[in-house]
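So you can see what is in the structure, the chains are spelled out below.
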Amino acid sequence: MDYLGNADLGWEATQSWNGGFESALFGNRLFVDIDVYFSKTTNQIFNRNIPVMTGFKEIKSTMGQIDNKGIELNVRTVNIENRDLRWVTGVTFWLNRNKLVHLYGEDLDGDGKEDDDISNKRFIGKPLGAIYGYVQDGIVQESDTEYMAKNGVQPGVPKYKDLDGDGEITSADRDILGYESPNFYLNMSNTLTYKNWDLYVLITGTFGGGGYYMKSNTAAYMNNGGGFNINGIYVPYWTPENPSNVYPAATFSGNSDRFQGLQNRGFVRLQDITLSYTFREAWVKNLHIQNLKVFATAKNLFTITNWEGGDPEVGIGVRDNTYPVLTSFSVGATISF
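The shown structure was predicted, so the numbers you read here are calculated from the model rather than taken from an experiment. (Residues numbered from 1 in each chain as written. Predicted model: local features only at pLDDT ≥ 70, side-chain atom pairs only at ≥ 80, totals over all residues. Heavy atoms only, no water.)

> An account of the pairing of strand β5 (residues 85–102) is requested, with residue identities and associated values reported.
Across a regular strand the side chains alternate sides, sitting on one face of the sheet and then on the other. When strand β4 (residues 58–81) meets β5, the two strands line up antiparallel, connected through 16 bridges. Note on β5: the bridge partner recorded for Asp67 is Lys99. Hairpin geometry of β4 and β5 is characterised by an intervening segment of three residues between the two adjacent antiparallel strands. Looking at chain direction, β5 and strand β10 (residues 184–194) are connected through 10 bridges and run antiparallel. (Pairing = 2+ DSSP bridges. Helix = DSSP H or I, 4+ residues; strand = E, 2+ residues; numbered from the N terminus.)

> Would you mind going over the side chain of Asp144 in detail, with residue names and values included?
The residue Asp144 is located in the loop between β7 (136–139) and α1 (145–151) in this model. In this structure Asp144 comes out as buried when scored by relative accessible area, which is 17%. A polar atom in the side chain of Asp144 sits 2.9 Å from the backbone nitrogen of Gln141. Beyond its immediate stretch of four places on either side in the chain, Asp144 contacts Ile139 and Lys159. (Buried < 20%, exposed > 50% of the residue type's maximum accessible area, 1.4 Å probe, protein only. Polar contact = N/O pair within 3.5 Å; in protein donor to acceptor, adjacent residues only side chain to side chain. Contact = heavy atoms within 4.5 Å.)

> Go over the packing of aromatic side chains, please, and point to the residues and values.
One pass over the full model with this rule turns up seven aromatic pairs. Plain terms: the ring middles of Trp94 and Tyr185 are 6.4 Å apart, the flat faces sit at 80° to each other, and that makes the pair edge-to-face. With a gap of 91 residues between them, Trp94 in strand β5 and Tyr185 in strand β10 connect regions that are remote in the sequence. The class for Tyr185 is partly exposed, based on a relative accessible area of 37%. Between the aromatic rings of Tyr134 and Tyr160, the centroid separation amounts to 5.3 Å while the plane-to-plane angle is 45°, which identifies the pairing as tilted. A residue pair is termed long-range when its members are at least 10 positions apart, and Tyr134 in strand β6 (residues 130–134) and Tyr160 in strand β8 (residues 158–160) qualify at 26 residues. Each of the two residues, Tyr134 as well as Tyr160, counts as buried. A network of ring pairs unites the aromatic residues Phe93, Phe184 and Phe207 as a single cluster. (Phe/Tyr/Trp six-rings, centres within 6.5 Å; stacked < 30°, edge-to-face > 60°.)

> Which residues make up the environment of Val314, and what values go with them?
By the secondary structure assignment, Val314 is in the loop between β18 (291–305) and β19 (328–336). Sequence spacing of Val314 and Pro324 is 10 residues, and the spatial spacing of their C-alpha atoms is 9.8 Å.

> Please give an account of the pattern of salt bridges that cites residues and values.
In the structure shown here, the tally under the stated rule is five salt bridges. We note a salt bridge from Asp144 to Lys159, for which the minimum N-O separation is 3.6 Å. Here Lys159 lies in strand β8 and Asp144 lies in the loop between β7 and α1, a separation of 15 residues in the sequence. With respect to class, Asp144 is no different from Lys159; both count as buried. (Salt bridge = Lys/Arg side-chain N within 4 Å of Asp/Glu carboxyl O.)

Here you go:
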């Protein structure tokens, strides 16, 4: 059992409001659907840290309040429509914002404000999924003698900003660096039909959202100026001969908020292209076939992103068990009698 039992654990309660409209304009050439929502969830179920003397580290508790609001917008346009050619474009936009309104209801420091739960990165008045830690300021170089002496570190480990100006890196220098959740999603599809041919193209995008460089803690296969992790991904780790200011040394074993390498998870991906041909010739009917279609599909042809490591949609960086998203090709046929 991972959690201490809690007899007071209750049900979450959600009050929600939803509104929207659908419209068809310009002789059914433009369709616009909008849906907006707001919800308030009380007695939210959280994992809360407890003293380890109980034999457990966490307990599930119902407490606090989270507000959610968002919008979903769908726009579809019929760009061309005649006897042989039809071109339809669809765009979908999603956006969601949440805010932690209340948490445990405690004011242990007596400042008149409800306490944050820093250990679990929950902050009153802020969204969930905060990335909280030290602001990285490059990598400690061999020439940073003063920094090493004050903080007891060696060259090749991450270097952090002294936010409170006391000359040392302490827990007081931590800050909210960003949020894991994307800012918004945007997809665009195009369907082009010419006689018996159909072409479908889908482009997906995620914009904003942070993450971490998840550096391997296992030994890397080092070469001059870098190395490879277990997956064979080249990582330019810091070495005395290659004084990188991005990746720490391969021997550095970061933990919790002591390593981040914050980067943006945004990406635009050509996710799907499908070309198909539907046979409508007389011989198809003579064979008592109602429908015969052949198609070729390509998925995940390319991704435009600054994210390094695995798939930005998953949000895991350079680590041993991550791979970029795979590109696949397939051909097939659908037959109905």
